[in-house]
Amino acid sequence: MNSPASSESSATPSEGTHKLWGGRFASGPHPLLTAVNRSIGTDFRLWPHDVRLSRAWALALRDAGVFSAEECDAVRAGLDRVGERLAAGETPVDTDEDIHTMIDRLLHEEAGAPASRLHTGRSRNDQVATATRLWTMQACTMLDAAIGELQQSLYAQAEQLQDAVLPAYTHLQRAQPVSGAHWLLSHFWALDRDRGRLAAASLGAGVMPLGSGAIAGSAFPVSRELLRSELGFHTISQNSIDATGDRDFVAETLFTCALTAAHCSRLAEDLIVYGSSEFGFVKFGDRFSTGSSMMPQKRNPDVFELARGSGGRLLGDLVSMLATLKGLPSGYSKDLQDDKRALFNAVDMLLLVLPAMAGAIAELQFNRERMRAAVTGAMMATDLADYLVRKGASFREAHGAVGRLVRESEDANVELNELPLSQVRAAHPLFGEDVMDALSIEASLAVRNVEGGTGRDAVTQQLQHAQNRMHRSAQ
Ligand code: ARG
């Protein structure tokens, strides 16, 4: 099915079609088979990579003695013209089953007879795996840049919010006061890990299957090392059966995308909640807000909601890929054709969501007064317990004493810091005159200068580390 000679003879002259297989069948395919089998609607975008790997393959065939130097040049020049036609908008014809078939057809038009020999020793099985890996490596680079932009946007806002204070929440209940920069940067680091995973996914994709043929390896002595260096892979696959059926790199990329989307979704969720009238910490910029067709007052955070929604769709892509893989026997099966649907969908979606998030975050307006006003006295309860610990109490004992004070303040319907000093001091003998100082927001932040804490110096250091990470070269 893969020999170019048979591809020529397999074309049914009466239909004038160009196919890569079919010689062994008495009749042409049923239209229903053609309809379900056709993948060019999805894989068309692989064309630059398929052209590129075909150019490299022509060189390898020359080295292996299959092509003369002239034939090799003719095929490579023909492929250049095919690339130009595709770049100029050449569209598939009905009989182009997939992008590999289409390029083969165009190459016959451009280079004539030698084109029939290009498919020597290769199969669409190693071809599509190679092209998809090349596409994936490029996608990882683009995703890395897009995540970097989002980090940049978060960083710029964080820099402005160093002195702003807001509650940090656990269980979505007010927990402890933190610097605004600290909260925003918490999302920065999740994205930093995503970039690390992307680099690993790209490395996983960087193993070259070309030369594996359909499953048993090419029967012609092509230099796989030459192919590897021509195409920029970092290594070559070690087993042709594995190489043609392996889509781990797709699953890994999808996992990385799904997790990045989950991180975007969590960030979006914070902003949606904090942007509600009830919180009022942040206002969405005009250019990134939508209105309601009915309620004139509405300012909706659609970008963040769509980002949150896309997290579910990306998870679906990952699950569909893993479900496909788990049932397959070794080697290539046609199920694998749909790897690209999931992969392209996930990458496309993220490349829409990430820049939109970056843009919307750049235009957020934070309301420092509202943020600070949400910090209540009770949120310094831990600081009060820590005060007792510093004076020599055990934390358990301190926790008990402060807990009672919290209850008393709730019963009296006042904030913890509004209780009379005498009442506070009565709660534990180690409470001194200076106890109220421990109840200030500033004091709560100031003592948290441990690395990774929300104290001023720690946050300054964190911002510095974040900047260093942004400017590192992709790992
Ligand atoms: N369009 C196919 C795919 O994406 C190319 C590989 C076809 N191989 C085959 N044995 N029919 O997987």
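Residues numbered from 1 in each chain as written. Predicted model: local features only at pLDDT ≥ 70, side-chain atom pairs only at ≥ 80, totals over all residues. Heavy atoms only, no water.

J.: Give a description of the overall build of the chain that names residues and reports values.
T.: Each helix and strand counted, the chain has 19 helices and 6 strands in total. The C-alpha atoms of the chain give a radius of gyration of 31 Å, which is well past the 23 Å a tight globule of 475 residues would have. Projected onto the principal axes, the alpha-carbon positions of the chain cover approximately 100 × 55 × 35 Å. The buried share of the chain, reckoned over its 475 residues, is 51%. (Helix = DSSP H or I, 4+ residues; strand = E, 2+ residues; numbered from the N terminus. Rg over C-alpha atoms; globule rule 2.2 N^0.38 Å. Buried < 20%, exposed > 50% of the residue type's maximum accessible area, 1.4 Å probe, protein only.)

J.: An account of the pairing of strand E1 (residues 165-170) is needed here, citing residue identities and associated values.
T.: In terms of strand pairing, E1 meets strand E2 (residues 173-179) through 6 bridges, oriented antiparallel. Each residue of the ladder has a partner; that of Thr-170, found in E2, is Gln-173. Between E1 and E2, which pair antiparallel and follow one another directly, the connecting turn spans 2 residues, one of which, His-171, has a positive phi of 55 degrees. (Pairing = 2+ DSSP bridges.)

J.: Any chance you could break down the site of the ligand for me, citing the residues and the numbers?
T.: Near the ligand, the surroundings consist of 11 residues, among which Asp-98, Asn-125, Tyr-332, Gln-337 and Lys-340 are the closest. For the ligand, a nitrogen atom lies 2.9 Å from a polar atom in the side chain of Asp-98. Between Lys-340 and the ligand, the recorded distance is 2.7 Å, taken from a side-chain N or O atom to an oxygen atom. Out of a free accessible area of 350 Å², the ligand has 92% covered by protein chains. Residue composition of the shell around the ligand, by class: 3 nonpolar, 3 polar and 5 charged. (Near = heavy atom within 4 Å. Polar contact = N/O pair within 3.5 Å; in protein donor to acceptor, adjacent residues only side chain to side chain. Areas by Shrake-Rupley, 256 points an atom, 1.4 Å probe, with all protein chains shown as cover. Nonpolar A, V, L, I, M, F, W, Y, C, P; charged D, E, K, R; others polar.)

J.: Let's hear about the pattern of salt bridges: which residues, and what values?
T.: What the rule picks out here adds up to 28 salt bridges. The salt bridge involving Arg-308 is made with Glu-269; its shortest N-O contact spans 2.6 Å. Residue Arg-308 is located in helix H12 (residues 302-326), and its partner Glu-269 is located in helix H11 (residues 248-274); the two are separated by 39 residues in the primary sequence. A relative accessible area of 32% places Glu-269 in the partly exposed class. One salt bridge in this structure joins Lys-391 and Asp-434, with 3.6 Å as the shortest N-O distance. Of this pair, Lys-391 sits in the loop between helix H15 (381-390) and helix H16 (395-411) while Asp-434 sits in the loop between helix H17 (421-427) and helix H18 (441-446), placing them 43 residues apart in sequence. The class for Asp-434 is partly exposed, based on a relative accessible area of 34%. (Salt bridge = Lys/Arg side-chain N within 4 Å of Asp/Glu carboxyl O.)

J.: Give me the environment of Ala-87: which residues, what numbers.
T.: Position of Ala-87 among the secondary structure elements: in helix H5 (residues 69-87). Considering only alpha carbons, one finds Ala-87 and Val-353, 266 residues apart in sequence, at a separation of 26 Å.

J.: Before we move on, could you go through the state of the cysteines and cite the residues and values that matter?
T.: Inspection of every chain in the model, using the stated rule, returns 0 disulfides. Just so you know, Cys-140 is unpaired, no disulfide at all, and the nearest cysteine sulfur is the one on Cys-257, 7.3 Å from it. We classify Cys-140 as buried; its relative accessible area is 4%. (Disulfide = S-S within 2.5 Å.)

J.: Tell me about the side chain of Ser-444, residues and numbers included.
T.: By the element assignment, Ser-444 lies in helix H18. Residues in contact with Ser-444, not counting those within four places in the same chain, are Pro-177, Met-380 and Asp-383. (Contact = heavy atoms within 4.5 Å.)

J.: Outline the nonpolar core, listing residues and values.
T.: Counting residues in each nonpolar core, the largest one holds 107 residues, and the members touching the most others are Leu-118, Phe-304, Met-357 and Ile-361. If you look at the next biggest cluster of nonpolar residues, it comprises 25 residues, including Ala-381, Leu-384, Ala-393 and Val-424. (Core = buried A, V, L, I, M, F, W, Y, C linked by side-chain atoms within 4.5 Å.)

J.: Just give me the short version of the packing of H5 against helix H6 (residues 99-111), but keep the residues and values in it.
T.: Running from amino to carboxyl end, H5 crosses H6 at an angle of 120 degrees, the nearest separation of the two axes being 9 Å. Crossing handedness for the pair H5 and H6: right-handed. Taking contact as the criterion, the partners of Ala-74, Val-75, Gly-78, Leu-79, Arg-81, Val-82, Arg-85 and Leu-86 in H5 are, on H6, Met-102, Ile-103, Leu-106, Leu-107, Glu-109, Glu-110 and Ala-111. (Axes fitted to C-alpha atoms, helices over the stretch in contact; angles between N-to-C directions. Left-handed = near helix turned anticlockwise from the far one by under 90°.)

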